[in-house]
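# Coordinates in review
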Amino acid sequence: MELAVDVQRLCKNYGSLRAVDNVSFRVEKGTSFGLLGLNGAGKTTTFKMMVSLIRPDSGTALVAGYDVVKEPMKVRTHIGYVAENPAFYPRMTTLETLHYICKLLNVPVNEAPQRIDSVLEMVGLMDKKNAYVGGYSRGMRHRLGLAQALLSEPKVLFLDEPTLGLDPLGAKNMRELIVRLRQENELTVLMSSHVLPEVESICDVVGIFDHGHLVAMDTIANLRSILSDSMNLELLLAKPNDKLVQALRLIPGVNQVEANGLRMDINTVKNIELRPLIMQEALNNNAQVIAFGLKESSLEDILLRLVQNELA
Ligand SMILES: Nc1ncnc2c1ncn2[C@@H]1O[C@H](COP(=O)(O)OP(=O)(O)O)[C@@H](O)[C@H]1O
Ligand SMILES: [Mg+2]
C-alpha cells in the first residue's frame, strides 16, 4: 500500500483553543478522501498543516512522501492546494496570474506557457486568458484556483470547500470537474466540505471531524451500516389505507409504522429482509402502491449520531 498522506497525532492550538486534537489518518494513493464536519470542526486548520502553511504544535504529517515541517518546499512543489476562498490580484489577467505562480513554483520559463495552456484547458478558462481576474465570477475564481493548483503537476490535490458560495449549477460543474480531473490525472484528492451529498458524490472514504477530533473514518456505506441498527422503508400510496397500517404493525420485525398522508414510514429490524412480506400485505389490503423502497440515512444523520454518541 502506497500512501499519499500519513498524518499522525497532529495537534494545533490557537491560544487555549485546541483546533485540531490528536488527529491521525492515512490516505492511500489514488484515493479520494473527504474531510467532513460542521463549521469550526478543524478541517481548514488540518489542511493548512498538511500543505505546510502552518506548523503543527505536535505530531507529524508526511505528504507525497515529504515531512511538512522538515521539507516544506518539497511538499509545496509536489502538491496542489486550493484554499477555502481562493483570492487573486484583481488587476492581473488570467495569464499574468498563472505566470506569476509558475515563477513562485520555479517552473522553467520555457516550460511555463505550455503548462499554463494545459491547466487552462483542464478547467475550461482557455477563452479568458486576457481577462482581468477582478472581473471574474465566483465560479471562475474557483476554477482559476484549481488551475493554479494544477500548475505544479501534482499527484496530491487539496481542495478546501471547493464549492463554497457557488450556486447549484456552479457547484455541480465544479464537482464534475473534480471527478474528471481526478480520473484523467490519477490524482489523490483530499477535500473538505460541510455539504454532505458532495462528499458522497466525490469521495471513496470520509473522515468525520468534530471539535478538532476525527470521530470516524470509513467508506460511506460502512459508516451507514455501522451506525444504523434498523432500516427505514418508505411506501407511497395512491390513497391512504388504514387497514394496511394496522396489518403492517403486526408483522414481526416491524418496529414502527407511521402514516403521513399518502406516505408510510416503516422502521424495521436490520437483519431480516421484510420487504417481500410488506409488499404482500399491501396487495392483500388492496393498496395501490406508487413507490416502495429503502430510505438511506443521509450523511447528516450519520454526523448527528456520531456527534451525539461522542457527547454521550
Ligand atoms: N488563525 C486563527 N486564530 C484563532 N483561532 C482560529 C484560527 N483559525 C481557526 N481558528 C479556530 O479554530 C477552530 C477550527 O477552525 P477551522 O480549522 O477553520 O474549522 P473548519 O475549517 O472545519 O470550519 C475554530 O474554532 C476557529 O474559530
Ligand atoms: Mg474551513
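Given the structure is predicted, the values throughout are model-derived calculations rather than measurements. (Residues numbered from 1 in each chain as written. Chains lettered and ligands numbered in written order. Predicted model: local features only at pLDDT ≥ 70, side-chain atom pairs only at ≥ 80, totals over all residues.)

## Focus: the overall build of the chain
Secondary structure assignment for the chain yields 11 helices and 14 strands. Taken along the three principal axes of its C-alpha coordinates, the chain extends 75 × 45 × 35 Å. Out of the 312 residues in the chain, the part that is buried amounts to 33%. A separation of at least 24 residues holds for 68% of the contacts in the chain among residues at least 6 apart in sequence. (Helix = DSSP H or I, 4+ residues; strand = E, 2+ residues; numbered from the N terminus. Buried ≥ 20, exposed ≤ 12 C-beta atoms within 10 Å, placed from the backbone. Contact = placed C-beta atoms within 7 Å.)

## Here's the deal with helix α5 (residues 138-150)
For α5, spanning 13 residues, the distance from its first C-alpha to its last is 19 Å, which sits close to the expected 18 Å at 1.5 Å a residue. Of the positions making up α5, those classed as buried are His-142, Arg-143, Leu-144, Gly-145, Leu-146, Ala-147, Gln-148, Ala-149 and Leu-150. Where the residues of α5 are buried, they touch β6 (79-82), α3 (94-104), α4 (112-123), β7 (156-160) and α6 (168-185). (Expected span 1.5 Å × (residues − 1).)

## Some remarks on the nonpolar core
Core analysis: the biggest nonpolar cluster contains 57 residues, and Val-5, Met-50, Val-63, Ala-147, Phe-158 and Leu-190 have the highest contact counts within it. Top element by residues in this core is α5. It accounts for 5 residues. Those residues in contact with Val-63 that sit more than four places away from it in its chain are Val-5, Met-50, Val-68, Val-75, Ile-79 and Val-156. (Core = buried A, V, L, I, M, F, W, Y, C linked by C-beta atoms within 7 Å.)

## Observations concerning the sheet that holds strand β12 (residues 254-260)
What the 4 strands build is an open sheet, ordered β12-β13-β11-β14; its pairing is antiparallel. At either margin of the open sheet sits one strand with a lone partner, and together these are β12 and β14 (289-294). Neighbour to neighbour, the strand axes of the sheet diverge by 15° on average, direction disregarded. For β12 and strand β13 (residues 263-269), the ladder comprises 6 bridges, and the chain directions are antiparallel. In the strand pairing of β13, Val-254 is matched with Thr-268. Against the sheet, helix α9 (residues 242-249) engages β12 and β13, with an angle of about 165° to β12. (Pairing = 2+ DSSP bridges. Axes fitted to C-alpha atoms, helices over the stretch in contact; angles between N-to-C directions.)

## Considerations on the sheet that holds β7
Strand order in the open sheet made by the 6 strands is β6-β7-β8-β3-β9-β10, with mixed pairing throughout. Edge positions in the sheet fall to β6 and β10 (213-219), since each has one partner strand and no second. Neighbour-to-neighbour, the strand axes of the sheet open up by a mean angle of 15°, direction not taken into account. In this sheet, β7 lies alongside β6 in parallel orientation, the contact comprising 4 bridges. Bridge pairing links Ile-79 to Val-156 in β7. Lying over the sheet, α5 contacts β6 and β7, oriented at roughly 160° with respect to β6.

## Section: the domain arrangement of the chain
As a measure of interface size, the accessible area lost when the parts come together is often cited. Here the chain is partitioned into domain 1 (3-219) and domain 2 (229-296). Taking only C-alpha atoms into account, the centre of domain 1 sits 45 Å from that of domain 2. (Domains from an automatic or database assignment.)

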